[in-house]
Amino acid sequence: MARIYKIESRSRPGHFRVAGVFRYTRWNKTGKIWDTLGKLRSLITMIINGGNADQFEDWEIVEYEVVEVARYRVDEIVRPEVLTKILSK
């Protein structure tokens, strides 16, 4: 089973960290997804090396399991007229 990781704000539940190494952390309701814990650790290391570790107190790492629910062909998702227009170029 695949796992993904997000950083959630403790002071603003439901708000997740947006990608990038910022002095002031940006949050929104979707946030950035890391597909490995190693990549998330890499971000944390960069922030520590930049002297910005004070922002960690508000962070909580959330781990999700990704479950495949269904598969679709492209023509099942995109309206036929849009698909025809794209393919006719």
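One structure accompanies this document, and this report is about it. Small disclaimer: the values here were computed from a predicted structure and weren't measured. Every chain begins its residue count from 1, and numbering advances along the sequence as written. Reporting of local features is limited, given that this is a predicted model, to residues whose pLDDT is at least 70; pairs of side-chain atoms are given and counted only at 80 or more, and all residues count toward the totals for whole chains, interfaces and linings. The side-chain quantities take in all heavy atoms of the structure and omit both hydrogens and water.

## Here's the deal with a nonpolar patch on the surface
Right, so step 1: A residue counts toward a patch only above 30% relative accessible area and without a salt bridge, and it is joined to like-charged neighbours within 9 Å or, for Val, Leu, Ile, Met, Phe, Trp and Tyr, to nonpolar neighbours within 5 Å. Here the accessible surface of atoms and residues is derived via Shrake-Rupley with a 1.4 Å probe, and residues count as covered only by protein chains that are part of the display. By convention in these notes, a salt bridge is any Lys or Arg side-chain nitrogen within 4 Å of a carboxyl oxygen on Asp or Glu. A cluster of nonpolar side chains, contributed by Met-1, Val-67 and Val-69, occupies part of the molecular surface with about 370 Å² of accessible area.
Right, so step 2: Helix and strand definitions here come from DSSP, where helices need a minimum of 4 consecutive H or I residues and strands a minimum of 2 consecutive E residues; each element is numbered from the N-terminal end. Along the chain, Val-69 turns up in the loop between strand E4 (59-66) and helix H2 (74-77).

## Some remarks on the pairing of strand E1 (residues 2-9)
If a strand is regular, its side chains alternate between the two faces of the sheet.
Right, so step 1: Accessibility here uses a 1.4 Å probe with only protein chains present; expressed as a share of the type maximum, an area under 20% marks a residue as buried, one over 50% as exposed, and anything in between as partly exposed. Counting buried positions along E1 gives six out of eight residues, so the element sits mostly inside the fold.
Right, so step 2: The pairing criterion for strands is at least two bridges between them, as found by DSSP. Sheet topology note: the E1/E4 ladder contains eight bridges and is antiparallel. Opposite Ile-7, over in E4, you have Ile-61 as the bridge partner.

## Quick word on the pattern of salt bridges
Right, so step 1: One pass over the full model with this rule turns up eight salt bridges.
Right, so step 2: When the shortest N-O distance is used, the salt bridge between Glu-65 and Arg-3 registers 3.3 Å. One end of the pair, Glu-65, is in strand E4; the other, Arg-3, is in strand E1, and 62 residues separate them in sequence.
Right, so step 3: By relative accessible area, Arg-3 is classed as partly exposed at 37%.
Right, so step 4: Among the charged side chains, a network of salt bridges with common partners joins Arg-3, Glu-63 and Glu-65.

## Concerning helix H1 (residues 37-49)
Note on helix geometry: an α-helix contains 3.6 residues per turn, so any two residues three or four positions apart are oriented the same way.
Right, so step 1: Any helix carries an expected span of 1.5 Å times its number of residues minus one. End to end, H1 covers 18 Å across 13 residues, agreeing with the expected 18 Å (1.5 Å per residue, within 8%).
Right, so step 2: Buried residues of H1: Leu-40, Leu-43 and Ile-47, and no others. Buried residues in H1, looked at end-on, bunch into an arc of 55°, giving them a common side. Across from the buried face of H1, at angles greater than 90 degrees, the exposed residues are Arg-41 and Asn-49.
Right, so step 3: In what follows, residue pairs with any heavy atoms lying within 4.5 Å of each other are defined as contacts. Check the buried side of H1 and you find it contacts E1, strand E2 (16-17) and E4.
Right, so step 4: Just beyond H1, the residue with positive phi is Gly-51, at close to 80°. As used here, the arc is the angular range of directions from the helix axis to the C-beta atoms.

## Quick look at the side chain of Lys-6
Right, so step 1: Within the secondary structure, Lys-6 is located in strand E1.
Right, so step 2: An unpaired buried charge is present at Lys-6: no salt bridge exists, and Glu-8, the closest side chain of opposite charge, is 8.7 Å distant.
Right, so step 3: Polar contacts involving the side chain of Lys-6 include one to the main-chain carbonyl oxygen of Thr-30, which spans 2.5 Å.
Right, so step 4: Every residue in contact with Lys-6, bar those within four places of it in the chain, is listed here: Phe-16, Thr-30, Lys-32, Ile-33, Trp-34, Glu-60, Ile-61, Val-62 and Tyr-64. Charge assignment in this entry is limited to Lys and Arg as positive and Asp and Glu as negative, and neither His nor the chain termini are counted. The definition of a polar contact used here is a pair of N or O atoms within 3.5 Å, where within protein one atom must be able to donate a hydrogen and the other to accept one, and adjacent residues in sequence count solely through side-chain atom pairs.

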